[in-house]
Structures are given as structure tokens and as C-alpha cells.
Amino acid sequence: MAEVLFEKINKRYPNGFHAVKDFDLHIKDEEFVVFVGPSGCGKSTTLRMVAGLEEISDGTLRIGDRVVNDVPPKDRDIAMVFQNYALYPHMNVKQNMSFGLRLRKTPKAEIERRVNEAAETLQLETLLDRRPRELSGGQRQRVALGRAIVREPKVFLMDEPLSNLDAKLRVEMRASISKLHQRLGVTTIYVTHDQVEAMTMGTRIVVMKDGWVQQVDTPINLYEKPVNKFVGGFMGSPAMNFVVGTVQDGVIKGAEGGFNIEPDADLKQKLGAYNGKRVSLGIRPEDLGIRGQTEIVDTGNNHIRATVEVVEPLGAETIVISSVEGDQSVVARIEPFVEVRPGDQIELLANNAKVQAFSIDGDELNIRYS
């Protein structure tokens, strides 16, 4: 097993595009770290630099106690799982899983042991004689994982390995990969654009945007304490709501009187520096309720007047999408028994202890945690 240390890693392409900027990160031994962000944010490029598939323009990359900037991919002691599985169609499962070991001239008895152990771990014992075309998408992904496992590497690298699977299989494979990590304890770097995957799998998450690291933290801290508006809006499904208002004596008010939010004492004190200024109010959908119908505590000074536009009953919960002050959208996640229809005028209540506020100027920092 090994630690992975990034020190001011940069990636610039010949056309001048700066894909990764001053990437600093210390991944501890046996950690499962997820890189997440929108397409083009630099997460896959960073992973490929660890694999040796992209050259590092500046900075130092260490795996264990070795600087690997100029070490060929085959000598880095890593194993990579790709988005498209990358299985050899003319080989059966056993041959695909053992291919890398055979290239390294590993003894046959050792190959047999490793393949059988990996097959048992991934429940592939009955599929060893099949070829990729005879397998389902989930089975192919397990074979790709098995090929990585038999290498017994210091670090696993996974580049959006579940993106080609349907929704049900994605959930199953998320659990399988998490269990696999708990069993093997191999340091893992996992890339995804799906924040649900990131929240459910990572011991820590690295949120990236435009080549920059925005925040590195545990899933729960990223969700509850985002450092800026981008992280707050990216992590969570449905996403955090943002509406613009003006601070008046610690209370955030809508321009047209559509909402009035008095946060808890801690945030109210910090908003003192923003008196008379516009801020972006952030509220998670689950921290909203409908007056008289849901369990949100009515503090008497928090209300959002809204017009219901869309109602999405999901069985265990209902998603209500409403408009506030005409052009601002707010999503509420409420109990399934609440009955509302498009066109209804409602009053939303906010849990004032969960309200957040972001500066509009500069880099939209979270005022509560700045």
C-alpha cells in the first residue's frame, strides 16, 4: 500500500490550455479519495498524470516514497480501471484477468491463485470461461475490477468506471466497489462527475472546477459546510437553492418582499458586515417546508412566498419546484402526504439553523464558514 502526494501539480498543453492548476493533495495510505466536478474540470487529467498517461508540466508527484514524474506507467505499481472496461474481446474472463500477470512472467501457480481469489471476491467463478460479448455490463465491469485486483498494486485508479451502466447497476456496483475497498484496503483514487457516487463512496472528496481544487473534505462536511457557492450547488441532489436578497440588520430580504429570512445568531452576527449589501441565500431542499403542512419549525420571521410550478411525487418524498419573486426558482423536498398543485400560492418556511449565505462579489465565499 502507499500514500500519494501531489505537490503543486500543473498540466499545460502545447496549445496553451492550462488543464490542472497548482494541485496540492496528500492521500493517505488506504484512503478512498474521489475527484468530482463538471466535465472539463481537470479531474481525469489529474488521474491520468498519476497513471503516467499524461506528462506533468510542473510539480512533484510521489507514490509511496518515490518521485514518479518520469517513471513509466508499467513501473509505477498502479492498476487502472477505465470507463469502457477495455477488455480483450477474443479472450475469456480468466485470460483477461491474468493478461497483465502473464506479461510480467508471473509464475503460473501464482497467477492461478490471484485469479481465483479475485474471481471469488467478485463472484466471477462461474464466468471464467466466457468472453466479454457474453457478459452483461455489470459483469464486464467486475472483470475489469478483477484484472486490477490481481495486480495487487499499491494504488487503484478508477476513471468513471460506472458511467456506462444503468441506474440500478450503478447502485449495486457502488456498493460492490466500497466493500471491495474495505476488504482490500488499497489506496484508491476514483474519478466521477456524479456527486451521488462521490458522497456515498469517498472517505474524502476533492471538488474541482476549471482546473482548480475548490474544497477537500469529508462528504458530510462538503455537504453541510461548503466553502463557496460552487461547492454548495454542486454537492447534493436536488441542488442547494440560491436566491438573491439584501441584508437588513442581519435579516435577508427579497427585493420585492417575496421572502424574509432571519438566520440563527451565528450567521446573523456575521451578516453584520454585509448590512445593506446583496448576498446569495443558500437553502437545501430538505430544509424547507410548507407552512401548516410540514414539520419545519415556524420561527415567526422566516417566510418565502412562492408559486408552485412543478410537483414530482417520488413515493417516499415529494419534490416541489416553485418560483419566487417571479424569476427565482426554489426546490423543496417535503413529505409525501402534502397535497399541492401547480399554480398554488404557498408559503415556504426555512430551518434558520441550516440557512447559509454567500457573498456575491469576488469568489462567492460562504459567509457562515468564512
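Now for a quick tour of the structure. (Residues numbered from 1 in each chain as written. Predicted model: local features only at pLDDT ≥ 70, side-chain atom pairs only at ≥ 80, totals over all residues. Heavy atoms only, no water.)

1. Some details on the packing of helix H2 (residues 93–103) against helix H3 (residues 108–121)
When two helices pack together, you describe them by how their axes are tilted relative to each other and by the distance separating the axes. Here H2 crosses H3 at 135°, and the two axes come no closer than 10 Å. In terms of orientation, H2 and H3 fall into the oblique class. As for the relative orientation of H2 and H3, their crossing is right-handed in sense. Contact residues: Lys94, Met97, Ser98, Leu101 and Arg102 in H2; Ile111, Glu112, Arg114, Val115, Ala118 and Ala119 in H3. Classifying every residue of the contact of H2 with H3 by side-chain character gives six nonpolar, one polar and four charged. (Axes fitted to C-alpha atoms, helices over the stretch in contact; angles between N-to-C directions. Helix = DSSP H or I, 4+ residues; strand = E, 2+ residues; numbered from the N terminus. Parallel < 35°, antiparallel > 145°, perpendicular 65-115°, else oblique. Left-handed = near helix turned anticlockwise from the far one by under 90°. Contact = heavy atoms within 4.5 Å. Nonpolar A, V, L, I, M, F, W, Y, C, P; charged D, E, K, R; others polar.)

2. A word on the packing of helix H4 (residues 137–149) against helix H5 (residues 167–184)
Taken N-terminus to C-terminus, the directions of H4 and H5 make an angle of 20°; their axes are 11 Å apart at the nearest point. Between H4 and H5, the angle is such that the two are roughly parallel. Regarding H4 and H5, the two cross each other, and that crossing is right-handed. Where H4 approaches H5, its residues Gly138, Gln141, Arg142, Leu145 and Ile149 are matched on the opposing element by Leu169, Met173, Ile177, Leu180 and Leu184. In terms of residue class, the contact of H4 with H5 is built from seven nonpolar, two polar and one charged.

3. What to know about the sheet that holds strand E4 (residues 58–63)
Taken together, four strands build an open sheet; the order of strands is E2-E1-E4-E5 and the sheet is antiparallel. Of all strands in the sheet, those bounded by a partner on one side alone are strand E2 (18–27) and strand E5 (66–67). One ladder, built from six bridges, connects strand E1 (residues 4–12) with E2; its direction is antiparallel. Considered in E2, the bridge of valine 4 is made with isoleucine 27. This element, helix H1 (residues 43–51), spans E1, E2 and E4 of the sheet and lies at about 115° to E1. (Pairing = 2+ DSSP bridges.)

4. Points about empty space enclosed by the protein
This structure, assessed with the given rule, holds one cavity of 30 Å³ or more. Estimated volume of the largest cavity: approximately 40 Å³. As for the largest cavity, its lining consists of Phe156, Met158, Ile177, Leu180, His181, Leu184 and Thr188. Of all elements in the fold, only strand E7 (155–159) and H5 reach the threshold of two or more residues within the lining of the largest cavity. Taken together, the residues of the lining of the largest cavity break down into five nonpolar, two polar and no charged. (1 Å grid on protein atoms, 1.4 Å probe; cavity = no way out; pocket = protein on both sides within 12 Å on 5 of 7 lines; lining within 4 Å. Points joined across faces, edges and corners; volume = space filled by probe spheres on them.)

5. Some details on the nonpolar core
Membership of the largest hydrophobic core comes to 43 residues, with the highest contact counts inside it found for Met97, Ile177, Tyr190, Val207 and Met235. With five residues, H4 is the single largest residue contributor to this core. Excluding residues that lie within four positions of it along the chain, tyrosine 190 makes contacts with Phe32, Val33, Val34, Phe35, Met158, Pro161, Leu162, Ile177, Glu197 and Met201. (Core = buried A, V, L, I, M, F, W, Y, C linked by side-chain atoms within 4.5 Å. Buried < 20%, exposed > 50% of the residue type's maximum accessible area, 1.4 Å probe, protein only.)

6. Section: the environment of valine 171
Locating valine 171 in the fold gives a position in helix H5. According to the relative accessible area criterion, valine 171 is partly exposed, its value standing at 45%.

7. Here's the deal with the layout of surface pockets
The calculated volume of the largest pocket comes to roughly 470 Å³. As for the largest pocket, its lining consists of 17 residues, and the residues nearest its centre are Ala79, Met80, Phe82, Arg147 and Arg151. Mapped by element, the contributors of at least two residues to the lining of the largest pocket are strand E6 (78–81), H2 and H4. Among the residues forming the lining of the largest pocket, the class breakdown is 12 nonpolar, one polar and four charged. There is about 310 Å³ of room inside the second largest pocket. Considering the residues around the second largest pocket, the lining is formed by 15 residues, among which Thr121, Leu122, Gln123, Arg142 and Ser176 are closest to the centre. In terms of residues, the lining of the second largest pocket owes the most to one element, H5, which gives eight residues.

8. Concerning the pairing of E1
Pairing geometry for E1 and E4, over five bridges, is antiparallel. When the bridges of E4 are listed, valine 4 appears paired with isoleucine 63. The antiparallel pairing of E1 with E2 creates a hairpin that spans five residues between the two strands, and glycine 16 there sits at a positive phi of about 95°.

9. Digging into the packing of aromatic side chains
Across all of its chains, the model carries eight aromatic pairs by this definition. Between lysine 229 and the ring centre of phenylalanine 242, over which it is positioned, the NZ or CZ distance is 5.0 Å. Taking NZ or CZ as reference, arginine 284 lies 3.9 Å from the ring centre of tyrosine 223, over its face. (Phe/Tyr/Trp six-rings, centres within 6.5 Å; stacked < 30°, edge-to-face > 60°. Lys NZ or Arg CZ within 6 Å of the ring centre and 35° of its normal.)

10. Quick word on the pattern of salt bridges
One pass over the full model with this rule turns up 23 salt bridges. For the salt bridge of glutamate 117 with arginine 113, the shortest nitrogen-to-oxygen distance reads 3.1 Å. In this pair, glutamate 117 and arginine 113 are both assigned in helix H3, four residues apart and thus about one turn of the helix distant. A salt bridge links arginine 333 to glutamate 286, with the shortest nitrogen-to-oxygen separation between them at 3.6 Å. Placement of the pair is arginine 333 in strand E18 (residues 328–334) and glutamate 286 in the loop between strand E14 (278–283) and strand E15 (288–290), with a sequence separation of 47 residues. Judged by relative accessible area, arginine 333 falls into the partly exposed class, the value being 22%. Given a relative accessible area of 27%, glutamate 286 falls into the partly exposed group. (Salt bridge = Lys/Arg side-chain N within 4 Å of Asp/Glu carboxyl O.)

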